[in-house]
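# Structural characterization, general
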Amino acid sequence: MKIGCGAMQLEHGDDEPALAVLRRAVELGVDHIDTAEFYGAGRVNARIRAALHRIRGWDRPAS
């Protein structure tokens, strides 16, 4: 089963809370993060990379 998380709201606020949300989502079983390059002018994708780059299995591309 696929469990997704929309990332559009992660363009607002400070980095650390956004990174914590992403890491916790993965801990809870999220295996798909829906994003777009234009969210926060690329800031959301940078946050996703920062949060997940060390988590095994998250080396696949974002949508």
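Below, the structure is looked at part by part.

Criteria and cut-off values
- Sequence order as written defines residue numbering, which begins from 1 separately in each chain.
- At least 70 in pLDDT is required for a residue's local features to be given in this predicted model, at least 80 for side-chain atom pairs to be given and counted, and no such filter applies to totals for whole chains, interfaces and linings, which use all residues.
- In computing side-chain values, all of the structure's heavy atoms are included and hydrogens and water are not.
- For the purposes of this entry, the term helix denotes a DSSP run of H or I that reaches at least four residues, the term strand denotes a run of E that reaches at least two, and both are numbered from the N terminus.
- For each residue, the accessible area found with a 1.4 Å probe, counting protein chains only, is set against the maximum for its type, and the residue is called buried under 20%, exposed over 50%, and partly exposed in between.
- By definition, residues are in contact when any of their heavy atoms lie within 4.5 Å.
- Our arc is simply the arc of the directions from the helix axis toward the C-beta atoms.
- For the purposes of this section, nonpolar cores are sets of buried Ala, Val, Leu, Ile, Met, Phe, Trp, Tyr and Cys residues that join through side-chain atoms within 4.5 Å.
- Pairs of N or O atoms within 3.5 Å make up the polar contacts considered here, provided that, within protein, one atom can donate a hydrogen while the other can accept it, and that residues adjacent in sequence are counted only when both atoms are side-chain atoms.
- Only Phe, Tyr and Trp rings take part, Trp by its six-membered ring, and two of them pair if their centres are within 6.5 Å. Stacked means planes under 30 degrees apart, edge-to-face means over 60, and tilted covers everything else.

This next bit is on the overall build of the chain. If you tally the helices and strands in the chain, you get two helices and two strands. For the chain, the α and β elements follow one another from N to C terminus as β-α-β-α. Expressed as a percentage of the 63 residues in the chain, the buried residues total 32%. When contacts within the chain are restricted to residue pairs at least 6 apart in sequence, long-range pairs at least 24 apart make up 82% of them.

So, on to helix H2 (residues 43-52). All buried positions along H2 are accounted for by Val44, Asn45, Arg47, Ile48, Ala51 and Leu52. Around the axis of H2, the buried residues are gathered within 160° of arc, so they sit on the same side. At its buried positions, H2 is contacted by helix H1 (15-27) and strand E2 (32-34).

Core analysis: the biggest nonpolar cluster contains 16 residues, and Ala7, Leu10, Leu22, Ile33, Val44, Ile48 and Leu52 have the highest contact counts within it. Put simply, the parts of the chain that give this core at least two residues each are H1 and H2. No other element matches H1, which puts five residues into this core. Leaving out residues up to four positions away in the same chain, Leu10 has contacts with Ala18, Val21, Leu22, Val44 and Arg47.

Moving on: the side chain of Arg47. Take Arg47: it is sitting in helix H2. By relative accessible area, which is 3% here, Arg47 ends up buried. One polar contact links the side chain of Arg47 to the main-chain carbonyl oxygen of His12, over a distance of 3.4 Å. In terms of polar contacts, Arg47 uses its side chain to reach the backbone carbonyl oxygen of Asp14, at 3.4 Å. Not counting chain neighbours up to four residues away, the residues in contact with Arg47 comprise Leu10, Glu11, His12, Gly13, Asp14, Asp15, Ala18, Leu19 and Leu22.

So, about the side chain of Asn45. Within the secondary structure layout, Asn45 lies in helix H2. Discounting chain neighbours no more than four positions away, the residues touching Asn45 are Thr35, Ala36 and Glu37.

Turning our attention to the packing of aromatic side chains. If you walk through the whole model with that rule in mind, you get one aromatic pair. Ring geometry for Phe38 and Tyr39: centres 5.1 Å apart, planes at 80°, overall edge-to-face. In this structure Phe38 comes out as exposed when scored by relative accessible area, which is 65%. Judged by its relative accessible area of 12%, Tyr39 falls in the buried class.

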